[in-house]
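Single-letter residue listing:
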Amino acid sequence: MTESIQQKCNLKDLTRTELVAMLAGMGKERFRADQIITWLYRHRVKNIGEMTNLSRFFRQQLNEVAAIELLECRAIEIAADGTEKFLFQLFDGSCIESVLIPEQKRLTLCISTQVGCRQGCRFCVTGQQGFNRNLKVGEIVDQVIQVQKHADRLQRRISNIVFMGMGEPLDNFAALVKAIEILKYDDGLDFSSRRITVSTCGLVPQIGELGAMVDISLAISLNATDDETRSRLMPINRRYNLKTLLTACQQLPLKRSSRITFEYILLKDINDSLDDASRLVRLLKPLKSKINLIPFNEHPDLPFYRPSKERISAFQAVLLDSGLTSIIRKSKGADISAACGQLRGKVGRSN
Ligand code: SF4
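Residues numbered from 1 in each chain as written. Predicted model: local features only at pLDDT ≥ 70, side-chain atom pairs only at ≥ 80, totals over all residues.

S.K.: If you had to explain the overall build of the protein chain to someone new, which residues and values would you point to?
M.R.: Counting its regular elements, the protein chain contains twelve helices and 14 strands. For 351 residues, the compact-globule estimate of 2.2 N^0.38 gives 20 Å, and the C-alpha radius of gyration of the protein chain, at 21 Å, lies within 12% of that figure. Counting only C-alpha atoms, the protein chain reaches 70 × 45 × 40 Å along its principal axes. Here the protein chain holds 351 residues, and 41% of them are scored as buried. Considering only intrachain contacts with a sequence separation of at least 6, the fraction spanning at least 24 residues in the protein chain is 68%. (Helix = DSSP H or I, 4+ residues; strand = E, 2+ residues; numbered from the N terminus. Rg over C-alpha atoms; globule rule 2.2 N^0.38 Å. Buried ≥ 20, exposed ≤ 12 C-beta atoms within 10 Å, placed from the backbone. Contact = placed C-beta atoms within 7 Å.)

Put into structure tokens, the structure is as follows:
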């Protein structure tokens, strides 16, 4: 991106209310904000000049203070199962990844919220990279726009958004909430709440805040059934232990039909015993939950292994026998390092 664009405001960073306020400062009517939102998210224009129902003079005025920032797609990798991984370059040279997962009835896009991550989960490649910076609102939303442009060619529409890519979404809270608001505009991208899922490693204060502010699906990355193991795998557990986390989940205002998804990465000889399964039942029985079991995707940089199929099935059987809902999630895109916990992107400047 050019220096001049960096000095201007990126229109995709603004919610409708913020856009209305900015335009009011230019003496423009409220409905102009609606027009701009339609151009940005329905027509997905690349520059202000394409907004042809705004007068030429207004477009010139707008161009002086604002711009449309676009993520630059540097690479697309396609896995044998059809999963596609997008490498996007940001204005500062950092790169992030987004993953498009095609299924018969859904087309799910997994998006990133940070460059790197500061949570340091031991089983996650992103977590081993360290943290560079939060993504801005427009950088979060533009992942959806750019990938949808790609999906247009396949004549498919992204049906679900999951905030499970690089970074801890709740650690970039303000931008997350604004990005969700923008994704839901019915004159824009028009995603309904039930098609948006935010996954967190367990930032307890923000879980409560998010539950009070937006109506979306929540996923908790749990991965252990005792504090000692969880703290070893996920440093966040030293701040908010299992009891604190699960109490916060219990207090969330959930609609009658909705349940919290608990993600449980199965790691050989670490958290995959039948005792673990029984403890998981005891922990989650009081909650409205469903459990996604995710057999670990082995990676040369990580010191963990995937349990055998028999062990995974035996673990799930304990959950099912107790009446809990549980699925074993098929690994998608592992051959291109696009599976859960394998995203790397690039931290820092590229030359
Ligand atoms: S699992 Fe999520 S929260 Fe943990 S290090 Fe990886 S990206 Fe960060």
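Okay, back to it.
S.K.: Which residues make up the environment of Ile 312, and what values go with them?
M.R.: By the element assignment, Ile 312 lies in helix α12 (residues 309-321). Distance from Ile 312 to Leu 100, taken between C-alpha atoms, is 26 Å for residues 212 residues apart in sequence. Discounting residues that sit within four places of it in the chain, Ile 312 has contacts with Leu 266, Leu 293, Pro 295, Pro 307 and Ile 328.

S.K.: Please give an account of the domain arrangement of the protein chain that cites residues and values.
M.R.: As assigned here, the protein chain comprises domain 1 (3-67) and domain 2 (72-336). The gap between the C-alpha centroids of domain 1 and domain 2 is 33 Å. Across the boundary between the two partners, domain 1 contributes 13 residues, which contact 15 residues of domain 2. Here the side of domain 1 that touches domain 2 gets six residues from one element, more than from any other, and that element is helix α3 (residues 31-42). When grouped by side-chain class, the residues that make up the side of domain 1 that touches domain 2 number three nonpolar, four polar and six charged. (Domains from an automatic or database assignment. Nonpolar A, V, L, I, M, F, W, Y, C, P; charged D, E, K, R; others polar.)

S.K.: Break down the nonpolar core for me, with residues and values.
M.R.: One finds Ile 36, Val 144, Ala 179, Leu 183, Tyr 264 and Leu 266 to be the most contacted residues of the largest nonpolar core, which totals 89 residues. Both domains that furnish three or more residues to this core are identified here as domain 1 (3-67) and domain 2 (72-336). Apart from the residues lying within four places of it in its own chain, the contact partners of Leu 183 are Val 141, Val 144, Ile 161, Leu 189, Phe 191 and Ile 196. (Core = buried A, V, L, I, M, F, W, Y, C linked by C-beta atoms within 7 Å.)

S.K.: Break down the environment of Ile 196 for me, citing the residues and quoting the values.
M.R.: Within the secondary structure, Ile 196 sits in strand β10 (residues 196-200). As for Ile 196 and Ile 180, which are separated by 16 residues in sequence, their C-alpha atoms are 8.0 Å apart. Leave out the neighbours within four places in its chain, and Ile 196 touches Ile 161, Ile 180, Leu 183, Phe 191, Ile 216 and Ser 217.

S.K.: Account for the pairing of strand β6 (residues 107-110), naming residues and giving values.
M.R.: Note: strand β5 (residues 95-102) against β6, four bridges, orientation antiparallel. What sits directly across from Ile 101, in β6, is Thr 108. The hairpin turn running from β5 into β6, its antiparallel successor, is four residues long. Judged from the three bridges that link them, β6 and strand β9 (residues 160-163) form a sheet pairing that is parallel. (Pairing = 2+ DSSP bridges.)

S.K.: Break down the site of the ligand for me, citing the residues and quoting the values.
M.R.: What surrounds the ligand is a group of 13 residues, the closest being Cys 117, Gln 119, Cys 121, Cys 124 and Gly 127. Its residues assigned to classes, the shell around the ligand shows five nonpolar, seven polar and one charged. (Near = placed C-beta within 6 Å.)

S.K.: Account for helix α8 (residues 204-213), with residues named and values stated.
M.R.: Each α-helix turn comprises 3.6 residues. Residues three or four places apart therefore point the same way. Within the sequence span of α8, burial applies to Gln 206, Ile 207 and Leu 210. Axial view of α8: buried residues confined to an arc of 110°, hence all on one face. Exposed positions of α8 whose direction lies more than 90 degrees from the buried face are Pro 205 and Ala 212. (Arc of directions from axis to C-beta.)

S.K.: Mind laying out the sheet that holds β10, listing which residues take part and the relevant values?
M.R.: An order of β3-β4-β5-β6-β9-β10-β11-β12-β13-β14 is seen for the ten strands of this open sheet, with the pairing classed as mixed. Two strands bound the open sheet, and with one partner strand each, they are β3 (72-78) and β14 (325-328). Going across the sheet, the axis of each strand differs from the next one's by a mean of 20°, ignoring polarity. Here strand β12 (residues 260-266) runs beside strand β13 (residues 289-295); their pairing, made up of seven bridges, is parallel. Looking at the pairing, Leu 266 lines up with Pro 295 of β13. (Axes fitted to C-alpha atoms, helices over the stretch in contact; angles between N-to-C directions.)

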